[in-house]
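Residues per chain, in single letters:
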Amino acid sequence: NAGGVALSAVSNRGGDVEESSPAAPTTTSSSTKGGVGPNAPPPGPLRRLLPKFPWHELPNYLTYARCISIPIFLALSYYPVIMPNRAPVLSLLFAVASITDWFDGFLARRWDVTSPFGAFLDPVADKLMVSTALIVLAGRYG
């Protein structure tokens with residue numbers, strides 16, 4: 001399937017397979033419903049307002065943000081000079097990361113834009129965030 005054109009093969013009586021004319025072009029999920037999957041609901045007001053935004057990548061962007069929040073969490077944990085009363089900020093950062101974890105999975109399933117890379121990176125980001133928080137807490141209070 002090169003360039004979205006499917007070629008069909010036709011067998012003649014001699015057993016040889018010859019290529020026939022190109023079949024109807026196939027559609028991909030990125031060309032349907034504003035860049036989201038074929039089973040996605042119609043676009044809402046925000047997706048209609050910003051049609052050029054890559055909505056099909058938003059779940060992965062949220063996962064990337066969660067990965068970036070891990071070093072920020074570590075930096076805020078180990079530098080008390082910057083912020084002596086940092087527990088509420090660390091709690092808020094962890095809570096936002098947890099909410100984005102739920103939200104990216106929700107959007108990926110709702111918009112039918114799940115990907116093998118997202119299916120791999122999402123649990124990795126979760127485990128890294130939770131294990132980082134556990135190690136920080138164990139190192140400080142353990």
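A brief report on the enclosed structure follows.

**A word on the layout of surface pockets**
- There is about 260 Å³ of room inside the largest pocket.
- Contributing elements (two or more residues each) for the lining of the largest pocket: α2 (58-78), α3 (87-110) and α4 (116-141).
- Sorting elements by how many residues they give to the lining of the largest pocket places α4 first, with five residues.
- Across the lining of the largest pocket, the residue classes tally to nine nonpolar, three polar and two charged.
- Roughly 190 Å³ of volume is contained in the second largest pocket.
- Elements that contribute at least two residues to the lining of the second largest pocket include exactly α2, α3 and α4.
- Take the lining of the second largest pocket: its biggest share by element is five residues, from α3.

**Thoughts on the packing of α2 against α4**
- Direction vectors running N to C along α2 and α4 enclose 15°, while the axes themselves pass 9 Å from each other. Relative to α4, the element α2 lies roughly parallel. Crossing angle aside, the handedness with which α2 passes α4 is left-handed. Here Asn-60, Thr-63, Tyr-64, Arg-66, Cys-67, Ser-69, Ile-70, Phe-73, Leu-74, Ser-77 and Tyr-78 of α2 come into contact with α4, specifically with Phe-117, Gly-118, Leu-121, Asp-122, Ala-125, Asp-126, Leu-128, Met-129, Thr-132, Ala-133, Val-136 and Arg-140.
- A per-class count over the contact of α2 with α4 returns 13 nonpolar, six polar and four charged.

Definitions and limits used
Residues numbered from 1 in each chain as written. Predicted model: local features only at pLDDT ≥ 70, side-chain atom pairs only at ≥ 80, totals over all residues. Heavy atoms only, no water. 1 Å grid on protein atoms, 1.4 Å probe; cavity = no way out; pocket = protein on both sides within 12 Å on 5 of 7 lines; lining within 4 Å. Points joined across faces, edges and corners; volume = space filled by probe spheres on them. Helix = DSSP H or I, 4+ residues; strand = E, 2+ residues; numbered from the N terminus. Nonpolar A, V, L, I, M, F, W, Y, C, P; charged D, E, K, R; others polar. Axes fitted to C-alpha atoms, helices over the stretch in contact; angles between N-to-C directions. Parallel < 35°, antiparallel > 145°, perpendicular 65-115°, else oblique. Left-handed = near helix turned anticlockwise from the far one by under 90°. Contact = heavy atoms within 4.5 Å.

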